[in-house]
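Take a look at the letters that make up each chain.
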Amino acid sequence: MVRNKILIVGLGLIGGSLAKAFKKCGYEIHAYDIDKSAIEKAICEGVVKERIDDLNETEDEYAFSFICVPVLESIPILGKLSSKIKNGIITDVGSTKTHICKYSIEHKIANFIGGHPMAGTEKIGYKYSFDELFNGAYYFITPTEMNRKEDIEKLKNLLQSIGCKVEEVDYVLHDKITAVISHLPHVVSAGLVNMLNSNEIYCKFAGGGFKDITRISSSSPKMWADISISNKNMLLELIDAYIELLKNFKTSLKSENYNEIFNYFEKAKIIRDTIVSDEK
Ligand SMILES: NC(=O)c1ccc[n+]([C@@H]2O[C@H](COP(=O)([O-])OP(=O)(O)OC[C@H]3O[C@@H](n4cnc5c(N)ncnc54)[C@H](O)[C@@H]3O)[C@@H](O)[C@H]2O)c1
Ligand SMILES: O=C(O)C(=O)C[C@]1(C(=O)O)C=C[C@@H](O)C=C1
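Residues numbered from 1 in each chain as written. Chains lettered and ligands numbered in written order. Predicted model: local features only at pLDDT ≥ 70, side-chain atom pairs only at ≥ 80, totals over all residues. Heavy atoms only, no water.

Looking at an unreviewed UniProt entry, the protein carries the name Prephenate dehydrogenase, with the source organism given as Caldicellulosiruptor diazotrophicus. Under the Sequence similarities (unreviewed entry) heading, UniProt states for the protein: "Belongs to the prephenate/arogenate dehydrogenase family." UniProt, in the comment section headed Pathway (unreviewed entry), describes the protein in these words: "Amino-acid biosynthesis." (UniProt positions renumbered as here; feature names shortened; annotations may be inferred.)

(A) Just the packing of helix 4 (residues 98-106) against helix 6 (residues 171-196), in detail. Contact pair helix 4 / helix 6: the axes reach a minimum separation of 9 Å and the direction vectors enclose 170°. Between helix 4 and helix 6, the angle is such that the two are roughly antiparallel. Facing Thr 98, Cys 101, Lys 102 and Ile 105 of helix 4, the residues of helix 6 in contact are Tyr 171, Val 172 and Asp 175. (Axes fitted to C-alpha atoms, helices over the stretch in contact; angles between N-to-C directions. Helix = DSSP H or I, 4+ residues; strand = E, 2+ residues; numbered from the N terminus. Parallel < 35°, antiparallel > 145°, perpendicular 65-115°, else oblique. Contact = heavy atoms within 4.5 Å.)

(B) A look at helix 9 (residues 221-230). Within helix 9, burial applies to Trp 224, Asp 226, Ile 227 and Ser 230. Along the axis of helix 9, the buried residues cluster in a sector spanning 160°; they form a single face. Residues Pro 221 and Ile 229 are exposed on helix 9 and point more than 90 degrees away from its buried face. Residues of helix 9 that are buried in the fold lie against helix 3 (71-84), helix 4, helix 6 and helix 10 (232-254). (Buried < 20%, exposed > 50% of the residue type's maximum accessible area, 1.4 Å probe, protein only. Arc of directions from axis to C-beta.)

(C) Seen up close, the site of ligand 1. Near ligand 1 you find 27 residues, and of these Ile 14, Asp 33, Val 69, Ser 95 and Gly 125 are the closest. Take Ile 34: an N or O atom from its main chain is 3.4 Å from a nitrogen atom of ligand 1. One nitrogen or oxygen atom from the main chain of Gly 125 is found 2.8 Å from an oxygen atom belonging to ligand 1. Relative to its unbound accessible surface of 830 Å², ligand 1 loses 87% to contact with the protein. Elements supplying a minimum of two residues to the shell around ligand 1: helix 1 (13-24), helix 3, strand 6 (112-117) and helix 9. By residue number, the principal contributor to the shell around ligand 1 is helix 3, which donates three residues. (Near = heavy atom within 4 Å. Polar contact = N/O pair within 3.5 Å; in protein donor to acceptor, adjacent residues only side chain to side chain. Areas by Shrake-Rupley, 256 points an atom, 1.4 Å probe, with all protein chains shown as cover.)

(D) Just the pairing of strand 1 (residues 2-9), in detail. In this sheet, strand 4 (residues 62-67) lies alongside strand 1 in parallel orientation, the contact comprising five bridges. By the bridge assignment for strand 4, Ile 8 is matched with Phe 66. Taking the sense of rotation as the criterion, the β-α-β connection linking strand 1, helix 1 and strand 2 (residues 28-32) turns out right-handed. (Pairing = 2+ DSSP bridges. Right-handed = clockwise from strand over helix to strand, strands pointing away.)

Here's what the structure looks like:
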């Protein structure tokens, strides 16, 4: 294992941004992607040193290997990598953690530690990646009983070196938190856009408010289909709770209960203003 070598599998928005941030810190980056053009671009830019053509041939030479592909693709890749990489730490960036952590426990992959940066954009692919994406962002890691304390510390140190605020959390709790603050909002945002049904008049006049609440609907459909399936049970519960909330609003509106309607908006304003004022 070489201390300064990092393997990135999936050189898209997140993998590319990690590669750029680690390269800036002096690491040598090797990368694998089914889209070879992304890697060729990164080699031309001097971000990636070497393209890996076949994961089955991966050498056990990386201090860290990051799996940065859509979540349903991540598990077979972890299977392949873990049969080759025995010394370095393997981690991922997937938006859900239960599936992959359970897989690592069932297959006794003690050098795998789940991870997930709470930073991203609605853009897709390496060309939109940038080295500052994770600077100042929360980054969940979801260690399990199997992991060695020193590996957890090594991963934390690496992530802190690129500016992340690392939070250790249980993988089931992780999927609950992200279902509330990320997965349901993406389902709702896409729903609002789908309500327009490509109607020309609605699309023409959609203004700032609509664009703000639906920015994230320009994200990768593959990434969000994978996340939805992977966090199905949490998401189903939340969709029920959200429908209930809308039903209550509907009842207040039908009866023109002004106080209830006012409270619905006031409560939201108070909570959101707190979240936004906490941002640095
Ligand atoms: N975009 C975000 O805001 C965000 C934030 C945090 C975490 N994530 C997670 O990061 C991961 C990657 O998302 P992204 O936004 O970088 O997506 P992306 O589409 O920009 O990049 C994914 C890359 O993986 C490659 N890829 C896909 N399947 C592959 C396979 N089987 N083998 C090798 N390469 C493959 C694609 O060619 C692409 O280059 C996802 O698991 C997502 O849940 C995304
Ligand atoms: O800012 C965005 O575009 C995002 O959607 C980023 C976002 C999020 O929902 O906050 C998306 C998925 C991730 O797993 C983490 C971050």
